[in-house]
Amino acid sequence: MSPREASAAGTEAAQRRLLRPEIEGLGESLIRAVAEANIGRAGVIPLWFGEPDTPTPDFIKQAAVRALEANHVFYTQNRGIPPLREAIAGYAARLHHRPMGAERITVTASGMSAIMLTAQAIVAPGDNVVAVGPIWPNCVETVHVMGGETRIVALEAADGGGWRLDLDRLFDACDERTVAVMVNSPSNPTGWVMSADDQRALLERCRQRGIYVVADEVYVRLAFDLPRAPSFLDIAEPDDRLVAINSFSKSWSMTGWRLGWLTHAAELGEPFAKLNEYNLASATTFVQHAGIAAVEQGDGFIESLVERYRRNRDLVVQRLGAMRRVRLPRPDGAFYAFFAVEGMTDSLGFARELIETAGVGLAPGRAFGEAGEGRLRLCFAAEPDTLSEALDRLEPRLD
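The structure contained in this document is the topic of the report that follows. (Residues numbered from 1 in each chain as written. Predicted model: local features only at pLDDT ≥ 70, side-chain atom pairs only at ≥ 80, totals over all residues. Heavy atoms only, no water.)

Secondary structure assignment for the chain yields 14 helices and 15 strands. Viewed in the frame of its principal axes, the chain has a C-alpha envelope of about 70 × 60 × 50 Å. Looking at the chain as a whole, 56% of its 399 residues are labelled buried. Working note: accessible area of the chain is about 17,400 Å², and carbon and sulfur atoms make up 50% of it. The centroid of the 42 positive side-chain charges in the chain is displaced by 1 Å from the centroid of its 53 negative side-chain charges. (Helix = DSSP H or I, 4+ residues; strand = E, 2+ residues; numbered from the N terminus. Buried < 20%, exposed > 50% of the residue type's maximum accessible area, 1.4 Å probe, protein only. Areas by Shrake-Rupley, 256 points an atom, 1.4 Å probe, with all protein chains shown as cover. Lys, Arg positive; Asp, Glu negative; His and termini not counted. Charge placed at Lys NZ, Arg CZ, Asp CG, Glu CD.)

With that settled, the discussion passes to the sheet that holds strand β14 (residues 363-364). Pairing within the open sheet is antiparallel, and its four strands lie in the order β11-β12-β15-β14. Edge positions in the open sheet fall to β11 (326-327) and β14, since each of these has one partner strand only. Taken strand by strand, helix α14 (residues 384-398) contacts β11, β12 (336-341) and β15 (375-379), and its axis lies near 165° from that of β15. (Pairing = 2+ DSSP bridges. Contact = heavy atoms within 4.5 Å. Axes fitted to C-alpha atoms, helices over the stretch in contact; angles between N-to-C directions.)

On to the side chain of E217, then. Along the chain, E217 turns up in the loop between β8 (212-216) and β9 (242-247). The side chain of E217 is buried and forms no salt bridge, while R228, the nearest opposite charge, is found at 6.9 Å. (Salt bridge = Lys/Arg side-chain N within 4 Å of Asp/Glu carboxyl O.)

Turning our eyes to something else, we now look at the sheet that holds strand β7 (residues 178-184). Spatial ordering of the open sheet is given by β2-β10-β9-β8-β7-β3-β4, a layout of seven strands whose pairing is mixed. Both edges of this open sheet fall to β2 (105-108) and β4 (149-154), since each of them pairs with a single strand only. If you compare each strand with its neighbour and ignore which way they point, the axes differ by 20° on average. Pairing between β7 and β8: five bridges, direction parallel. Counterpart to A180 in the pairing with β8 is Y212. Seen against the sheet, helix α5 (residues 82-96) touches β2 and β10 (260-263) and runs at an angle of roughly 115° to β2. Sitting on the sheet, helix α7 (residues 137-145) is in contact with β3 (128-133), β4, β7 and β8, with an inclination near 155° to β4.

What follows concerns the nonpolar core. Core analysis: the biggest nonpolar cluster contains 133 residues, and F248, W252, L320, F339 and L378 have the highest contact counts within it. Residue contacts for L378: discarding those within four places in its chain leaves L47, V316, F335, Y336, A337, F339, L362, L387, L391 and L394. (Core = buried A, V, L, I, M, F, W, Y, C linked by side-chain atoms within 4.5 Å.)

A few words now on the pattern of salt bridges. Applying the stated criterion across every chain yields a total of 28 salt bridges. Notably, a salt bridge pairs E149 with R177, separated by 3.3 Å at the nearest N-O pair. Note that E149 is positioned in strand β4 and R177 in the loop between α8 (167-172) and β7, a separation of 28 residues in sequence. In this structure, E156 and R164 form a salt bridge, with 2.9 Å as the shortest nitrogen-oxygen distance. One continuous salt-bridge network, built from bridges that share partners, spans E149, R151, D175 and R177.

The next subject is helix α11 (residues 285-297). Compared with the 18 Å implied by 1.5 Å per residue over 13 residues, the 19 Å span of α11 between its first and last C-alpha is a close match. Looking at α11, one finds that the buried residues are T285, V287, Q288, A290, G291, I292, A293, A294 and V295. In this fold, the buried residues of α11 make contact with α4 (58-69), α5 and β2. (Expected span 1.5 Å × (residues − 1).)

As structure tokens, this is what we get:
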């Protein structure tokens, strides 16, 4: 090769793309765009992340300590240690009043990891996933990472409060390239809870079309007017094309532990084992032992959380509802107020402004897709005194 040819080849190599187009095109998290520069900032009340301010209860922490002392610090099975998978299966059987075997459970390193594994398993370039929005941005970005397209069907603010899903619009958004419908209920950010009747109708339609229901149910225990939210696992058959995502983060106040699980048809167990191997091998071993304590001993803790969040919900609805510029559909689950502000057209800019003028950190509605613009999300999983102070600061800017 001549020097000129070598130079040309080098130039061509230098011009090759650095990353896959799907990765280069990933959007940043607008929640992080607000929070990153202000985490730990004195005087700011941080209500931007979806995170309880309640520390993990001692009985879970002590289980992790005992596991460390017993040297549970080595590699383990890709799909999770058998005692945890059995414990989750038993928990699911109690919760959904249906038999559940450990062969249908795969343990993951967080709910987020479970969402990513699901996208890796079922989404190919050119496929589309229809999702109910507004929705946590990480859910749809996993589809984009895999080269797929997301089609958002937005909830509507219902007369008299709450949110409404138009099932016909959801069905109409599906076509021959649709591989899944994604539903997060109770919803982050809206607090909407999908009814059992709507779940049955959606599951039946997906059966007819041979597509998956991907059900993000990490808030299933956090419902305010029911013992828990309806779940697709209440009605699905063991071989249905259903992947249900759950996490230890919200119901057991374990956000920093990074532990979750998937419930799926037994035939998907081996593929998910391989995906876990090639992503992370397995969830952290001693953390899995803490997970056993959570699902076996944690019902009382969850009940106390739900009662606390119900009171917080009522406080926030009352206070925000009295502010003249605010429109807030009443959340029925999770721990978020997702409210519209009259005259606000740039939720990201306004969220940044509120940090400077009110010292309160909220998530911009645009972070949850176009359907969220014009709104802000406030996480009310905080001490009542903290919420009251935040609302006092917000009132002059929202009234």
